Amino acid sequence: MSDTAVPSVLFVCVHNAGRSQMAAAFLTHLAGDGVQVRSAGSAPADTVNPAVVAAMAEVGIDIAAEVPKVLTVEAVRASDVVITMGCGDTCPVFPGKRYLDWELPDPAGQGVEAVRPIRDEIEKRIRGLVDEIAPAN
């Protein structure tokens, strides 16, 4: 299978420090090389939320080395599916792309106890997405 045949997914939230990082990590973990994964933020934070890092570690996924990235037009253009998580009108829209908006609570400023249910909901949605776009995995 060539790289062009691999679906690509971009996760976008405001700070790229919580929801989009968890979603990208779950998709990478579950789909492996079967999906190209990106995440970005419209106003990226300096670091990934430590409570998010801790919550993901609890399920065996290490995102401690991840760094929030700025959303670029190129990232959107290069993606087949763009999943927004509260970035509102700051996400560029291109014809021919599939857009999904996942309304999820923002884990910013929350402790790990508050992040767990957000993490679990993201994992559930990612499992459904994998079944849909990369069923061979």
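Everything that follows concerns the structure shown earlier in this document.
Right, let's walk through the structure included here.

Cut-offs applied
- Residues numbered from 1 in each chain as written.
- Predicted model: local features only at pLDDT ≥ 70, side-chain atom pairs only at ≥ 80, totals over all residues.
- Heavy atoms only, no water.
- Helix = DSSP H or I, 4+ residues; strand = E, 2+ residues; numbered from the N terminus.
- Rg over C-alpha atoms; globule rule 2.2 N^0.38 Å.
- Buried < 20%, exposed > 50% of the residue type's maximum accessible area, 1.4 Å probe, protein only.
- Contact = heavy atoms within 4.5 Å.
- Areas by Shrake-Rupley, 256 points an atom, 1.4 Å probe, with all protein chains shown as cover.
- Salt bridge = Lys/Arg side-chain N within 4 Å of Asp/Glu carboxyl O.
- Polar contact = N/O pair within 3.5 Å; in protein donor to acceptor, adjacent residues only side chain to side chain.
- Phe/Tyr/Trp six-rings, centres within 6.5 Å; stacked < 30°, edge-to-face > 60°.
- Expected span 1.5 Å × (residues − 1).
- Arc of directions from axis to C-beta.
- Pairing = 2+ DSSP bridges.
- Axes fitted to C-alpha atoms, helices over the stretch in contact; angles between N-to-C directions.

With respect to the overall build of the protein chain
Moving on, step 1. Helices and strands together make up the secondary structure of the protein chain, namely 4 helices and 4 strands.
Moving on, step 2. Each helix and strand of the protein chain, ordered N terminal to C terminal, gives the series β-α-β-α-α-β-β-α.
Moving on, step 3. Relative to the 2.2 N^0.38 estimate, which gives 14 Å for 137 residues, the radius of gyration of the protein chain is 14 Å and therefore close to what a compact globule would have.
Moving on, step 4. Each principal axis of the C-alpha atoms in the protein chain carries an extent, and together these give about 40 × 30 × 25 Å.
Moving on, step 5. Here the protein chain, with 137 residues, has 46% of them falling under the buried criterion.
Moving on, step 6. Put simply, of all contacts in the protein chain between residues at least 6 apart along the chain, 70% involve residues at least 24 apart.
Moving on, step 7. Accessible surface computed for the protein chain: about 6,900 Å², of which carbon and sulfur atoms make up 53%.

Describing the pattern of salt bridges
Moving on, step 1. The final tally for this structure, using the stated rule, is 9 salt bridges.
Moving on, step 2. With a closest N to O distance of 2.7 Å, E121 and R125 form a salt bridge. With E121 and R125 both in helix α4 (residues 112-133) and 4 residues apart, this pair spans about one turn of that helix.
Moving on, step 3. For R125, a relative accessible area of 25% corresponds to the partly exposed category.

A look at the environment of S8
Moving on, step 1. Positionally, S8 belongs in strand β1 (residues 8-13).
Moving on, step 2. Judged by relative accessible area, which is 2%, S8 ranks as buried.
Moving on, step 3. Discounting chain neighbours no more than four positions away, the residues touching S8 are Q36, R38, A78, S79, D80 and V81.
Moving on, step 4. In this structure the side chain of S8 is engaged in a polar contact, spanning 3.0 Å, whose partner is the backbone oxygen of A78.

What about the packing of aromatic side chains?
Moving on, step 1. Overall, the coordinates contain 1 aromatic pair when judged by the stated rule.
Moving on, step 2. Ring centres 6.2 Å apart and planes at 50° place the aromatic pair F11 and W102 in the tilted group. Pair noted here: F11 is in strand β1 and W102 is in the loop between β4 (98-101) and α4, with a separation of 91 residues, a long-range link. Here the two residues F11 and W102 agree in accessibility, since each one is buried.

Looking at α4
Moving on, step 1. Look at α4: 30 Å from first C-alpha to last across 22 residues, which is about the 32 Å you get at 1.5 Å a residue.
Moving on, step 2. Listed as buried for α4 are V112, V115, I118, R119, I122, E123, I126, L129, V130 and I133. For α4, the angular spread of buried residues about the axis comes to 150°, placing them on one side. Residues of α4 that are exposed and angled more than 90 degrees away from the buried face: E113, P117, K124 and D131.

Section: the sheet that holds strand β3 (residues 81-84)
Moving on, step 1. Taken in spatial order, the 4 strands make up an open sheet running β2-β1-β3-β4, and their pairing is parallel. Looking along the sheet, the strands with just one partner apiece sit at the ends: β2 (36-41) and β4. Averaged over all adjacent pairs, the angle separating strand axes in this sheet is 20°, with direction ignored.
Moving on, step 2. Across 4 bridges, the pairing between β3 and β4 is parallel.

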